[in-house]
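# Report on the structure
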Amino acid sequence: MNQPSDKQIDAWTRAIAESDKDAFERLFRHLYPRLIHFTMRYVNNKATAGDIVQDAFVILWEKRRKADPGRSIKAYLYRIVRNRALNHIRDHSSRMIGFEAVEAPPAETDDPAEKLTDRDEAGLEKRMHAWIQALPDRQREAFELSRFEGLDHEEISSVMAISPNTVNNHIVAALQHLRECYEECRQSEK
Amino acid sequence: MTDHSEPGKEQKEELFKQFPEDQQLQVRRLWNAAPKSAPRTEVNTTEVDEALAAVYQRIGTSGTNVWKWAAAAAIILIVALSGLLWFPHSVEVPNGQTATHRLPDGSVVELNSGTELQYSRLYGYLGRDIQLDGEAFFTVLQGEHPFRVHTVNATVKVTGTRFNVRSWAQEARPSTTVTVSEGQVHFFGDQPSEYVAIGAGQQSMLTGSAGSPASPRPADLEEAIGWRDNNLVFNNQQLSTIFRELERRFGVTITLGDPRIGNTVLSAYYSKPKNVERVLNDICRVKGLLFTPTTDGYRIIKPPQ
């Protein structure tokens, strides 16, 4: 997929503020799959994720004239989606636990092919997924928004309603955590 | 779509610099490996198209200008409607006529000459409240909300019944007389707790608005509601009251040469009188008075001694 630059997204943002449906559609096509992917980390149900992300775009369109052109439209959408996803979990956690339970980390395997060695990148990736899942919630969110969603610290700070400094601290703590897991793992392999 | 998604290069380098030098390479490696670890949720083009269509349906696919105008039109409409709701529905019966008015809930009001009736545009939705200045006979249907008649000094509350309310704001002392022909009503002034229950064939009166209305007493229904059949019934009424009745009934103006004339009391009964002069003639003969025509009615005078 051709990835639009930040400049391109800024241009769309301004056009959307002028009620340009064309720009809205481009932004939608660009961000919808990524936002679905992001939302799935919270609700783990594609239909629910679809509803949440569509809501966010409807809100974006309704508020387009009040949009601050200086603010990131990406951060705006991620923030709405995250809030709604968290609300959804809060409102449905007791009733729909089966549906919404976060995907369990892959079971440890005895398959020698997946034993971690310095050269075994596939094994590392598998384990990393489990390690990331095991991070404290806020650290994991900040890390994922940075590494997977490509948001900068200012955008993450707006999405998570914390200061950019705290964003940095969360990400560093997450990396520290991952590094410790990696070390521990390497020690046990020896 | 993995490797593009990194924060600004500088911010990334800043992250790594926060680790001891001997760890930086390791951290960098973990950073690079992380995206490959995440299972991706695939969203195909058809799903995006469907989602986009759903969003378009919700935000409206028509041009935005149409929305702007629609919003403006909606605001104007709301303002106009609330204006309409603000002004009550009003029924006024000119002097010399009577009228029958059907309320939105099917209840019927017969209005005596010169009577004014008002009720909210939301009558029946929020309640059934009527403002009355004058005299009217109500035939009230059972309804979800209590039916209330408010006069200048009193309130009559009913559920389903037939009754007459007489309360002319122009009278010197505000007073309301309620006569019930069927069912029962609650009648009160300022204090809803101090009411009297008036049953069929009974009448009560409240002068001023403080305190309880008079205990109900048997009513002369013909006197109270004879106006509905165009009869004139006066039972020991002051001439001032009688003349005002005649003014309304026949649409004339009656002036008094001497205000004391109005204080004398009279009883009289007329079945469907057609002619005000016949009534005046009788009154003046009995009371030793004279009347002369004016441009818009009559003047009542005491004959010179």
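Residues numbered from 1 in each chain as written. Chains lettered and ligands numbered in written order. Predicted model: local features only at pLDDT ≥ 70, side-chain atom pairs only at ≥ 80, totals over all residues. Heavy atoms only, no water.

### Concerning the overall build of chain A
A tally of regular secondary structure across chain A gives 9 helices and 0 strands. Along its sequence from the N terminus, chain A presents helices and strands in the succession α-α-α-α-α-α-α-α-α. Sequence-distant contacts, at least 24 apart, represent 63% of the contacts inside chain A between residues at least 6 apart. As presented, chain A carries roughly 9400 Å² of accessible surface, and 49% of it is formed by carbon and sulfur atoms. (Helix = DSSP H or I, 4+ residues; strand = E, 2+ residues; numbered from the N terminus. Contact = heavy atoms within 4.5 Å. Areas by Shrake-Rupley, 256 points an atom, 1.4 Å probe, with all protein chains shown as cover.)

### Describing the overall build of chain B
The helix and strand tally for chain B stands at 7 helices and 18 strands. Within chain B, contacts between residues at least 6 apart in sequence are counted, and of these 43% link residues at least 24 apart. Roughly 16400 Å² of accessible area belongs to chain B as shown, and the carbon and sulfur atoms make up 52% of that amount.

### Considerations on the sheet that holds strand β17 (residues 290-293) of chain B
All names here are of chain B. Spatially, the 3 strands line up as an open sheet ordered β15-β18-β17, and their pairing is mixed. For this open sheet the edge positions go to β15 (253-256) and β17, each flanked by a neighbour on one side alone. Going across the sheet, the axis of each strand differs from the next one's by a mean of 25 degrees, ignoring polarity. Sheet contacts for helix α6 (residues 239-250): β15 and β18 (297-301); angle to β15, the most-contacted strand, approximately 155 degrees. (Pairing = 2+ DSSP bridges. Axes fitted to C-alpha atoms, helices over the stretch in contact; angles between N-to-C directions.)

### Topic: the confidence of the model for chain A
With 81% of its residues at a pLDDT of 70 or more, chain A has an overall mean of 79. Counting interchain partners and residues more than four positions distant, the pLDDT-below-50 stretch residues 95-118 of chain A has 38 contacts. (pLDDT = per-residue confidence, 0-100.)

### Here's the deal with the interface of chain B and chain A
Every contact between the two is made by 43 residues of chain B and, on the other side, 51 residues of chain A. It is Gln26(B), Arg29(B) and Leu30(B) in chain B that bury the most area against chain A; as a group they hold 14% of the surface buried on that side. Connecting chain B to chain A are 3 salt bridges. Residues Asp55(A) and Arg58(B) are paired through a salt bridge, measuring 2.8 Å at the closest nitrogen-oxygen approach. (Buried area = accessible area lost by both parts, 1.4 Å probe. Salt bridge = Lys/Arg side-chain N within 4 Å of Asp/Glu carboxyl O.)

### A word on unusual backbone geometry
Its identity is not glycine, yet Ser19(A) carries a phi of approximately 65 degrees, on the positive side. Positionally, Ser19(A) belongs in the loop between α1 (6-17) and α2 (21-43).

### Side note on the environment of His153(A)
Inspection of the secondary structure assignment puts His153(A) in helix α8 (residues 153-160). The sequence separation of His153(A) and Val167(A) amounts to 14 residues, and the corresponding C-alpha distance is 6.2 Å. With sequence-adjacent residues up to four places away left out, His153(A) is seen in contact with Pro164(A), Val167(A), Asn168(A), Ile171(A), Gln11(B) and Leu15(B).

### A word on helix α7 (residues 276-287) of chain B
Residues and elements named next belong to chain B. For α7, built from 12 residues, the straight-helix expectation of 16 Å at 1.5 Å per residue is met to within 8% by its first-to-last C-alpha distance of 16 Å. Of the residues making up α7, those classed as buried are Val276, Val279, Leu280, Ile283 and Cys284. In an axial view of α7, the angular spread of the buried residues amounts to 125 degrees, which keeps them on one side of the axis. Exposed residues pointing more than 90 degrees away from the buried face of α7 are listed as Arg278, Arg285 and Val286. In this fold, the buried residues of α7 make contact with β14 (232-238), α6, β15, β16 (265-270), β17 and β18. Glycine 288, located one to two residues past α7, shows a positive phi value of around 70 degrees. (Expected span 1.5 Å × (residues − 1). Buried < 20%, exposed > 50% of the residue type's maximum accessible area, 1.4 Å probe, protein only. Arc of directions from axis to C-beta.)

### Examining the nonpolar core
The tendency in soluble globular proteins is for nonpolar side chains to be buried side by side. Grouped together as the largest cluster of nonpolar side chains are 69 residues, with contacts concentrated most on Phe24(A), Leu27(A), Tyr32(A), Phe57(A), Met128(A), Phe143(A) and Ile171(A). When residues in this core are grouped by element, the largest group, 12 residues, is from α2(A). Among all residues touching Phe24(A), those that are not within four sequence positions of it are Ile16(A), Phe57(A), Leu60(A), Trp61(A), Val55(B), Tyr56(B) and Ile59(B). The next biggest cluster of nonpolar side chains, apart from the first, holds 27 residues, and it includes Leu103(B), Val156(B), Val165(B) and Phe187(B). (Core = buried A, V, L, I, M, F, W, Y, C linked by side-chain atoms within 4.5 Å.)

### Overview of the packing of α2(A) against helix α4 (residues 73-92) of chain A
Residues and elements named next belong to chain A. Running from amino to carboxyl end, α2 crosses α4 at an angle of 30 degrees, the nearest separation of the two axes being 10 Å. One finds that α2 runs roughly parallel with respect to α4. Here α2 and α4 pass one another in a crossing that is right-handed. Taken together, the residues of α4 that come into contact with α2 (itself represented by Leu27, Leu31, Arg34, Leu35, Phe38, Thr39, Tyr42 and Val43) are Ile73, Lys74, Leu77, Tyr78, Val81, Arg82, Ala85, Leu86, His88 and Ile89. Of the residues assigned to the contact of α2 with α4, the class counts are 13 nonpolar, 2 polar and 3 charged. (Parallel < 35°, antiparallel > 145°, perpendicular 65-115°, else oblique. Left-handed = near helix turned anticlockwise from the far one by under 90°. Nonpolar A, V, L, I, M, F, W, Y, C, P; charged D, E, K, R; others polar.)

### Regarding α8(A)
The buried fraction of α8(A) is high, at 7 of 8 residues. Where α8(A) terminates, the next one or two residues include Ala161(A), which has phi positive at roughly 55 degrees.

### Things to note about the packing of helix α3 (residues 46-62) of chain A against α4(A)
Residues and elements named next belong to chain A. For the pair α3 and α4, interaxial distance at closest approach is 9 Å and the crossing angle is 135 degrees. Regarding the angle of α3 to α4, the classification is oblique. By crossing handedness, the relation of α3 to α4 is classed as right-handed. Taken together, the residues of α4 that come into contact with α3 (itself represented by Thr48, Ile52, Val53, Asp55, Ala56, Phe57, Ile59 and Leu60) are Ile73, Tyr76, Leu77, Ile80, Val81, Arg84, Ala85 and His88. Its residues placed into classes, the contact of α3 with α4 shows 12 nonpolar, 2 polar and 2 charged.

### Things to note about the pattern of salt bridges
Tallied over the entire structure, the rule returns 21 salt bridges over all chains. The partner of Arg140(A) in a salt bridge is Glu144(A), with the nearest N and O atoms 3.3 Å apart. Here the residue Arg140(A) and the residue Glu144(A) both occupy positions in helix α7 (residues 137-147), the gap between them amounting to 4 residues, near one helical turn. One exposure class covers both Arg140(A) and Glu144(A), and it is buried. Note that Arg148(B) is salt-bridged to Asp129(B), the shortest N-O span being 3.3 Å. Of this pair, Arg148(B) sits in strand β6 (residues 147-150) while Asp129(B) sits in strand β5 (residues 128-139), placing them 19 residues apart in sequence. Linked through salt bridges whose partners overlap, the residues forming this network are Arg41(A), Asp137(A), Arg140(A), Glu144(A) and Glu149(A).

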